[in-house]
Amino acid sequence: MPDVRSLHWFRSDLRLRDNTALAAAARDASEIAFAFVFDPRLAAATDGPGRRLTFLEACVAKLGESLAQRGHTLIVRRGDPRRELPKLARELAIERVSWNRDTSPFARARDGAVRSALEKAGIACLEHKDRVVFEAEEIRTGAGQPFRVFTPFRNAWWRRFQSEPPPEPAPLRLPQPAPSPAAGAGPLAPPDVAAGAGERAARRRLESFLDGPVGDYTSARDRPGVDGTSRLSHHLRFGTLSPRDCFHTGRDAAAREPRLRAGIAKWLDELVWREFYAGILETHPRVLRHAFRPEFEDVRWNRDDAGFAAWCEGRTGYPIVDAGMRQLCSTGWMHNRARMITASFLVKDLLIDWRRGERFFMQHLIDGDPASNNGGWQWSASTGTDAQPYFRIFSPVAQGERFDADGAYVRRWVPELRDVPMSLLHRPWRASAHCPEYPPPIVDHGERRRLAITRFEEARSA
């Protein structure tokens, strides 16, 4: 369909560089318009402080600025995309609407409804893969089935990447702007966090990470007290950076600097985990409400509202757990090692249903992604794919002593413990005179470990 008037619908692809559906639409469009529809259902799903929505608005504002520099306008509408997009397409005499696919059940249902409404109005739809390098149907077992375990998925994923590497980012040439409506145009006002939002901020962070810190990634990534991770998860979540760009840029950096190769290889493997969990959600949407492993669907959980509140507020009496939860509630982000520790504590020490923790994380995380968040929680709960054995339970004391050996993380986020000697920092109940304001442990880890094993064995044998 050459020489058409197109509209690109931005969603979680808030960038111009390496945007597959946008590039495909721009190649044969005579005129093009751009829109973002702020769906109120997104706000309704966030019960926490709303940092994810704030960051989203900042990224939309930055995208509007980038388009304005190219002589285009980003049209922002608020409402249900099923109504707003057909309405806007009629206003602009649009012949085709393009967008990039998503894998969550909500997005797939929404997109199907939008497609039906547009096609009913005689408007063509152009969808492309963009959120991942390879979608679930592209990585299959020898029997043609989806993978259920990470390691064989990883091996198959890398074989396909080697044989069919995705194209490297190409310059984007935009056609003429389509006429914009008189009302409703323009980007959202950039909030205070705009300096760290958007495509340019994502590129700066990627380049600074690959400029040296990635060399220590294999060890530093597990230490929450140091800046040893890429901190790109929120950019990947909103598409201000593409996963393909990460792989190409990372491999180029490894080729230039041999000392970075081990760190880059490990970091890229972590991005393959993102692809794995996206594929799990795509092929098994039930995991958002149910255990991936059916034998653990009916674990006998505690209804411990006081314990859950203490966990949410970072006052469990276990410093590494409390540091992680306070970091999350203060910043909207938590180090990945701390995510595993805090999740394990909720499920295995407090014996609280993993779904309550999953929801809390989604309410507070700026990078909250349904697939990755669910995958991480089910891994910690031993209910998911490639799960740790249910009897392997994190000790919050041992985890703190191993991964926060100098106490930097705990002392930053739990100031009540700043004066506690290092030898007792992760066991502050032995130094209560130094920290009268810090609570004692709300449970005994040893006792709860034994009880957790019993509960999981009961569920497995039922």
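The model shown is predicted, which means the values in this text are computed figures rather than measured ones. Along each chain, residues carry numbers from 1 onward, in the same order as the chain's sequence is written. Predicted model: local features are reported for residues with pLDDT of at least 70 only, side-chain atom pairs are reported and counted for 80 or more only, and whole-chain, interface and lining totals are derived from all residues. As a rule here, side-chain values come from all non-hydrogen atoms in the structure, and water together with hydrogens is ignored.

Q: Even after reading the chapter, I still don't get the overall build of the protein chain, so can you show me in this structure?
A: Numbering of helices and strands starts at the N terminus; helices are DSSP runs of H or I of at least 4 residues and strands are runs of E of at least 2. In terms of helices and strands, the protein chain carries 19 helices and six strands. Our radius of gyration is a C-alpha quantity, and the globule rule it is checked against amounts to 2.2 Å times the number of residues to the power 0.38. Taking 462 residues into account, the globule formula puts the C-alpha radius of gyration at 23 Å, and the protein chain, at 24 Å, falls close to it. Taking the principal axes of its C-alpha atoms as reference, the protein chain extends roughly 75 × 50 × 45 Å. The rule is simple: take the accessible area with a 1.4 Å probe, protein chains only, and divide by the maximum for that residue type; under 20% is buried, over 50% is exposed, in between is partly exposed. Scored against the burial criterion, the 462 residues of the protein chain give a buried share of 56%.

Q: Teacher, can you tell me more about the side chain of Asp-39 here?
A: On the secondary structure map, Asp-39 appears in the loop between strand 2 (29-38) and helix 2 (40-44). On the basis of relative accessible area, Asp-39 is assigned to the buried category, the value being 3%. Two N or O atoms count as a polar contact when they lie within 3.5 Å, although within protein this holds only if one can serve as hydrogen donor and the other as acceptor, and sequence-adjacent residues are included solely when both atoms are side-chain atoms. Within the structure, the side chain of Asp-39 is placed 2.7 Å from the side chain of Arg-41, a separation counted as a polar contact. We call two residues contacting when some pair of their heavy atoms lies within 4.5 Å. With sequence-adjacent residues up to four places away left out, Asp-39 is seen in contact with Gly-79, Pro-81 and Phe-106.

Q: Where do I start with the packing of aromatic side chains in this structure?
A: Between the rings of Phe, Tyr and Trp (Trp by its six-membered ring), a pair exists once the centres lie within 6.5 Å; its type follows the angle of the planes, with under 30 degrees stacked, over 60 edge-to-face, and the other angles tilted. Using the criterion set out here, one finds 33 aromatic pairs in the structure. Pairing Phe-161 with Phe-247 gives two aromatic rings, centres 5.6 Å apart and planes at 45 degrees, and the pair type is tilted. Of the two residues, Phe-161 is situated in helix 6 (residues 150-163) and Phe-247 in helix 10 (residues 243-256); the sequence distance between them amounts to 86 residues. For the pair shown, Phe-161 and Phe-247 are each scored as buried. With 5.7 Å between their ring centres and 70 degrees between their planes, Tyr-318 and Trp-429 make a pair best called edge-to-face. Residue Tyr-318 is located in the loop between helix 12 (305-313) and helix 13 (319-331), and its partner Trp-429 is located in the loop between helix 18 (408-413) and helix 19 (445-461); the two are separated by 111 residues in the primary sequence. An aromatic cluster of three or more residues is present, and its members are Phe-147, Phe-150, Phe-153, Trp-273, Phe-276 and Tyr-277. Lys-348 extends its terminal NZ or CZ atom over the ring of Phe-456, reaching a point 5.5 Å from the ring centre. For a ring to carry a charge above it, either NZ of a lysine or CZ of an arginine must fall within 6 Å of the ring centroid while also lying within 35 degrees of the normal to the ring plane.

Q: Where do I start with helix 5 (residues 105-120) in this structure?
A: Owing to its 3.6 residues per turn, the α-helix brings residues three or four apart onto one side. The length a helix should cover is 1.5 Å for every residue beyond the first. End to end, helix 5 covers 23 Å across 16 residues, agreeing with the expected 22 Å (1.5 Å per residue, within 8%). Backbone geometry just after helix 5 places Gly-122 at a positive phi near 80 degrees.

Q: So what exactly am I meant to see when it comes to the pairing of strand 3 (residues 74-78) here?
A: Consecutive side chains along a regular strand alternate between the two faces of the sheet. Most of strand 3 is tucked away, with four of its five residues classed as buried. Only strands joined by at least two bridges in the DSSP assignment are considered to pair. Inspection of the sheet shows strand 2 paired to strand 3 by five bridges, in the parallel sense. Following the sheet pairing, Ala-35 is matched in strand 3 by Ile-75.

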